[in-house]
Number of protein chains: 2
Amino acid sequence: MTSVKLAAGLVCPVPANAPDRVQLGHGSGGKLSAALLQERFLPGFGNPVLAALGDAAVMDVAGVELAISTDSFVVSPLEFPGGDIGSLSVHGTVNDLAMMGARPVGLSAGYILEEGLPFERLDRIIASMAAAARAVPVPIVTGDTKVVERGKADGLYINTTGLGVRLPGAAPAPDRAQAGDAILVSGPIGRHGMAIMAAREGMAFESSIESDSAALWPLVQPLLEQFGAEVHALRDPTRGGVASALNEIAAASEVGMVLEEGAIPIPGPVAAGCEMLGLDPLYVANEGVFLALLPRRLAVRALALLRSHPLGAGAAIIGRVVTTHPKFVILETGLGGTRIVDTLPGDQLPRIC
Amino acid sequence: MTSVKLAAGLVCPVPANAPDRVQLGHGSGGKLSAALLQERFLPGFGNPVLAALGDAAVMDVAGVELAISTDSFVVSPLEFPGGDIGSLSVHGTVNDLAMMGARPVGLSAGYILEEGLPFERLDRIIASMAAAARAVPVPIVTGDTKVVERGKADGLYINTTGLGVRLPGAAPAPDRAQAGDAILVSGPIGRHGMAIMAAREGMAFESSIESDSAALWPLVQPLLEQFGAEVHALRDPTRGGVASALNEIAAASEVGMVLEEGAIPIPGPVAAGCEMLGLDPLYVANEGVFLALLPRRLAVRALALLRSHPLGAGAAIIGRVVTTHPKFVILETGLGGTRIVDTLPGDQLPRIC
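Residues numbered from 1 in each chain as written. Chains lettered and ligands numbered in written order. Predicted model: local features only at pLDDT ≥ 70, side-chain atom pairs only at ≥ 80, totals over all residues. Heavy atoms only, no water.

*Asks:* It is not clear to me how the sheet that holds strand 7 (residues 102-114) of chain B should be interpreted in this structure. Could you clarify?
*Replies:* Sheet strands associate in pairs through backbone hydrogen bonding, adopting either a parallel or an antiparallel arrangement. All names here are of chain B. Taking strand neighbours across the sheet as the criterion, the 5 strands line up as 3-4-9-7-8 in an open arrangement whose pairing is mixed. With partners counted over all chains shown, the strands left at the sheet margins are strand 3 (57-61) and strand 8 (140-148), one partner each. Ignoring strand direction, the axes of neighbouring strands in this sheet form an average angle of 20°. Both strand 7 and strand 9 (residues 156-166) contribute to a ladder of 11 bridges, which runs antiparallel. In the strand pairing of strand 9, Tyr-111 is matched with Ile-158. Where helix 4 (residues 119-135) meets the sheet, it contacts strand 7, strand 8 and strand 9, and its direction lies at approximately 175° from that of strand 7. (Pairing = 2+ DSSP bridges. Helix = DSSP H or I, 4+ residues; strand = E, 2+ residues; numbered from the N terminus. Axes fitted to C-alpha atoms, helices over the stretch in contact; angles between N-to-C directions. Contact = heavy atoms within 4.5 Å.)

Right, here's the structure in full:
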């Protein structure tokens, strides 16, 4: 039994399940994750670059505007329809760079291997990671391998850290959303999370769902080249899904958002799977989709640009940024009603990336 | 039972313990680690920057010579005399940059946390990591946190990836050692590995051994500023110790090396601990010591420079590079004998970093 000292000197017993320890929900990308970051990591590591909390850090190094992003991948299972931990570890990090407007120029790969991992499986994952990196293209320039005892790494974990060079004129940032912006999504949502869920639970949906895992830079680059700094914010809605990503932008920019439920592209099998499992697709993770916020007058042209690329064929305008209800994201339902789309406290689904 | 196809079409049964799976020894920094890299990772990821196999990759980005290094830390126990996984994760990565002649300009931190990790412990490690980074100084500019289920991360693992800018004129590389070079070590060896061993096994040596874990840039910088490209090679002898580091340089540079046993600084408690456990201090890991190879005529001046700094007070000239026996490291013992100092196949001690 632990205890907490109150101001008055009283000691309050805390039940065994109180948060004096890391819980699975701290990894969910929701409110618990945010609390972990705000209460523990930022006070310790605090500096202006880290505190900007973009998908990647942007720093000036000898006159070059570099972006750096790191991600550790612990996805379970290691292989799933549409990808595996190897390809995912490239896409996830490259996409974080892209969300800051940066062209990837190099990746590092840090492997933590579990004793007993079959080489056959490791070889498949290395090949998949290499193919994903070549497709971007981005070279894997440095690496590291550690081995831990049986049972201590669930097969393997991969950290990828990416280095990128920011496109001149690009300035997407979570705090630059403005009232009057349109909210675009580059494709149908919820596929990655549902593919993982299906693979993990051995579930068969009506039709199979593949992860959308993909490198987004080829789609982000023309958008930034055409609209430059008018692209106010970009975000790939991974852990916590579209709902969490938009809440983060709304909070950082101190704006409100309105989503039109009917405009949000949700594949039939994702909708059916979510229905069956009691999940909300707005909170399901994506790994090959991004949100873009830019002035309404540019929205139709931006939509056309996205749709002209295979990665953006399913793009849609799903909402708008407003001055009312700052920091809140509201969903207009088909029936004329509205509901608040909040950030989840913890998990819908742990270890999806 | 697995099997291996031979060229002639025969099938050779492989016993259950054959290396078709990852073994702990693959993480040791010895021959098994090298085989893992050469046979599995390099063929997949191969590119000239990665193939250079320096402690860090060096690449030209928009005209700036950048160094990038990544390391995942899985040390057990998490806290040990002289440091913890937090400070170690800063020192290890910053030192890899320093070994390529690069001043650290930014670090990323990727945490994999195990469900149930007490926040009290996490807070101590974050504080230690932050203090180590401030002391370099280098900012932690971006981070990531994942959580895995109880039992799947042994407390926590940390990946740090470092970005550095190469000092103008510096060009240390594993393949630049030359016959006629002197081999210097910046301080007494074996302390990190023995401190970990003592902490892990609860052993008490005559006097306590603290890890040497430290950031080496403050000592490397003046060396490179004074001797520039005449510093042919630098290496921090971590996993696999001094023996493995020198074997790597000897192989890459195709030179031979001769070490004088009596000149190698080994603290008394390290020698006693190694004696007791049947370990060879030449293979024990260091985290605050580096090897420098530069022309013999500069060796005495370089030694004086190292010794003038607290980090290098125990520096010594321990050997020389020769043309005879290329790719072999030979130890001259006090009794006039010699023995080959080979790379170990696997572990003396797993999970020391």
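Moving on from the coordinates now.
*Asks:* How should I be thinking about the pairing of strand 13 (residues 291-295) of chain A in this particular structure?
*Replies:* Successive residues of a regular strand alternate their side chains across the two faces of the sheet. Residues and elements named next belong to chain A. Among the 5 residues in strand 13, 5 count as buried, and that is most of the element. Here strand 10 (residues 181-185) runs beside strand 13; their pairing, made up of 5 bridges, is antiparallel. What sits directly across from Ala-182, in strand 13, is Leu-294. For strand 11 (residues 233-235) and strand 13, the ladder comprises 3 bridges, and the chain directions are antiparallel. Looking at the pairing, Arg-235 lines up with Leu-291 of strand 13. (Buried < 20%, exposed > 50% of the residue type's maximum accessible area, 1.4 Å probe, protein only.)

*Asks:* For this particular structure, what's the right way to read the confidence of the model for chain A?
*Replies:* It should be kept in mind that the predicted coordinates are not to be read in detail where pLDDT is low. Residues and elements named next belong to chain A. Looking at chain A, the pLDDT average stands at 90 and 92% of residues meet or exceed 70. A low-confidence stretch, residues 1-16 stays under pLDDT 50, and its non-local contacts, those more than four residues away or across chains, total 17 contacts. Confidence metrics for the complex model read pTM 0.91 and ipTM 0.91. (pLDDT = per-residue confidence, 0-100.)

*Asks:* Help me understand the side chain of Ser33(B) in this model?
*Replies:* All names here are of chain B. Among the structural elements, Ser-33 can be located in helix 1 (residues 31-45). Here Ser-33 falls in the buried class, since its relative accessible area comes to 15%. Within the structure, the side chain of Ser-33 is placed 3.2 Å from the backbone nitrogen of Ser-28, a separation counted as a polar contact. In this structure Ser-33 touches Gly-25, His-26, Gly-27 and Ser-28, once residues within four positions along its chain are discounted. (Polar contact = N/O pair within 3.5 Å; in protein donor to acceptor, adjacent residues only side chain to side chain.)

*Asks:* Is there a simple way to explain the relation of the copies chain A and chain B in this structure?
*Replies:* For the pair of chain copies, the relating operation is a rotation around an axis with a shift along it. The two copies are related by a screw motion: chain A maps onto chain B through a turn of 180° and a shift of 0.0 Å along the axis, at an RMSD of 0.0 Å. Both chain copies can therefore be described as sitting about a two-fold axis. Minimal C-alpha separation from the rotation axis in chain A is found for Lys152(A), amounting to 2.3 Å. When the interface residues of chain A are mapped onto chain B, 100% of them are again interface residues, pointing to one common binding face. (Least-squares fit on C-alpha atoms with pLDDT ≥ 70 in both.)

*Asks:* Before we go on, may I ask you to explain the domain arrangement of chain A in this structure?
*Replies:* One widely used convention gives an interface's size as the accessible area the parts lose upon coming together. Residues and elements named next belong to chain A. For chain A, the assigned domains are domain 1 (58-166) and domain 2 (181-340). Of note, the centres of domain 1 and domain 2, computed from C-alpha atoms alone, are 24 Å apart. Contact with domain 1, which involves 19 residues of that partner, is made by 20 residues of domain 2. Roughly 1,700 Å² of surface becomes buried between domain 1 and domain 2 when both sides are summed, with 65% attributable to carbon and sulfur atoms. The three residues of domain 1 that bury the most area against domain 2 are Pro-81, Asn-95 and Met-99, which together make up 33% of that side's buried surface. (Domains from an automatic or database assignment. Buried area = accessible area lost by both parts, 1.4 Å probe.)

*Asks:* So what exactly am I meant to see when it comes to the sheet that holds strand 16 (residues 338-340) of chain A here?
*Replies:* Residue and element names in this part refer to chain A. Read from one edge to the other, the open sheet built from 7 strands follows the order 11-13-10-14-12-15-16, with strand pairing classed as mixed. Each end of this open sheet is capped by a strand with a single partner; those strands are strand 11 and strand 16. Neighbour-to-neighbour, the strand axes of this sheet turn through a mean angle of 25°, independent of strand direction. Bridging between strand 15 (residues 329-332) and strand 16 involves 3 bridges; their strand directions are antiparallel. By the bridge assignment for strand 16, Ile-330 is matched with Ile-340.

*Asks:* How should the pattern of salt bridges be read in this particular structure?
*Replies:* Pairing between side chains of opposite charge can happen when their charged atoms approach one another. Residue and element names in this part refer to chain A. If you walk through the whole model with that rule in mind, you get 34 salt bridges over all chains. A salt bridge links Glu-79 to Arg-124, with the nearest nitrogen and oxygen atoms 2.8 Å apart. Linking Glu-79 in strand 5 (residues 79-80) with Arg-124 in helix 4 (residues 119-135), this pair joins segments that are 45 residues apart in sequence. When its relative accessible area of 39% is taken as the criterion, Arg-124 is described as partly exposed. (Salt bridge = Lys/Arg side-chain N within 4 Å of Asp/Glu carboxyl O.)

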